[in-house]
Amino acid sequence: MSKRVMLAMSGGVDSSAALVLLQRQGYEVIGATMRLYDNEDIGDKSSACCSLSDVEDARAVAARFGVTHYVFNFTDRFRKDVIERFNDEYLRGLTPNPCIDCNRFLKFSALLERAEMMECDYIATGHYARIRFDEQSGRYLLLKAVSSEGENVKDQSYVLYDLTQEQMKKVLFPLGEMEKSEVRKIAKEYGLVNYDKPDSQDICFVPDGDYARFIREYTGIVPECGDVVDSKGNVLGRHEGLINYTIGQRKGLGIAFGKPMYVIDKNVGENTVTVGENEELFSDGLRAVNVNVIADLELGKAVRCKAKTRYKQVEQECEAVFREDGTAEVLFMEPQRAVTKGQRVVFYDGDVVLGGGVIA
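Scoring rules and cut-offs
Residues numbered from 1 in each chain as written. Predicted model: local features only at pLDDT ≥ 70, side-chain atom pairs only at ≥ 80, totals over all residues. Heavy atoms only, no water. Phe/Tyr/Trp six-rings, centres within 6.5 Å; stacked < 30°, edge-to-face > 60°. Buried < 20%, exposed > 50% of the residue type's maximum accessible area, 1.4 Å probe, protein only. Helix = DSSP H or I, 4+ residues; strand = E, 2+ residues; numbered from the N terminus. Lys NZ or Arg CZ within 6 Å of the ring centre and 35° of its normal. Salt bridge = Lys/Arg side-chain N within 4 Å of Asp/Glu carboxyl O.

> For this particular structure, what's the right way to read the packing of aromatic side chains?
Aromatic ring pairs: the centre-centre distance and the angle between the two ring planes describe each pair. One pass over the structure, following the stated rule, counts 17 aromatic pairs. Plain terms: the ring middles of Phe72 and Phe74 are 6.0 Å apart, the flat faces sit at 35° to each other, and that makes the pair tilted. We note that Phe72, like Phe74, is buried. Both rings, one in Phe108 and one in Phe173, keep their centres 6.3 Å apart while their planes meet at 90°; by these two values the pair is edge-to-face. You can see Phe108 sitting in helix H4 (residues 98–117) and its partner Phe173 sitting in the loop between strand E7 (171–172) and helix H6 (180–189), a full 65 residues away along the chain. Both residues of the pair, Phe108 and Phe173, count as buried. Taken together, Tyr37, Phe78, Phe86, Tyr90, Phe205, Tyr211, Phe214 and Tyr218 form an aromatic cluster joined through their ring pairs. A cation sits over an aromatic face here: Arg114 above Phe72, 4.6 Å from the ring centre.

Next comes the structure, spelled out in structure tokens:
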């Protein structure tokens, strides 16, 4: 009897091509699209994933291949675990990554629960990553995708670092061994209407990228103005509310400094934005919390590896110590620019993801 797989279908080319590959491999596939928010809340933006048009695209692809398609209403859970978490962290001066929270709480939690209720053996997504069982350690490992197309390299292991061993037992990534160009070619060969559909951009519920406006309108909170200071505490001007600024920001500060100046810190308690010159943005290390360790590591012992503090960053050499309390101390071999609280740091040993956590 063939194994049953629930495929998360976003309406994009990746999950559609994943359907083709799963059927080729002999799986019984059912399609599932998550309804995460009411479209009128953000406007019907074609660049936003999970829009109404995406649901229709997913349904059309499922019908094309004779696959039963479900739409699950997860709006309440998405609001609580992703949108409200995003707003809260921004208001606390952090820079969150809601796509990682969506993976954690929706795709690999809520959707997996629904798949188990419907007696599916696995769930699958269109992520570019790989999972492998390591016989020696008895653990499942998360690996980078094999993509090697230069600037178009497609690897999404960074946003998957939070996967647990129990989840990885039941997750398939059909595209992990493929290049994006191959995926589009498959979609075109099979006559899929979305073969040239562009990838979604920005955060799905903030498709115009104006995070501060979204937070103001959603929460009703009007951010308080405060002082812009330098690293010595000298007041240089006024800011328009902390949510309007990000670490490393140069433009839009509203103050003429006579030289390039960047946001280097935000202090919620004092309601200040600290600015400085470019060299003040660099740090030798960081501390991470809520660390998920995937690989078989000896806790408390320093490990030489590489790390990324942003999704598109090139991996950087570092030494990391993972502790039993879920924290990690990281020392970079070369100072890193604009390490930002609330963002994620993910650790690699070659293609293997060692784990990751939240930058504190």
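> Sorry if this is basic, but what is going on with the pattern of salt bridges here?
On inspection of all chains with the given rule, the structure shows 21 salt bridges. For Asp81, the salt bridge identified is with Lys80, shortest N-O distance 3.3 Å. Exposure remark for Lys80: the relative accessible area of 56% places this residue in the exposed category.

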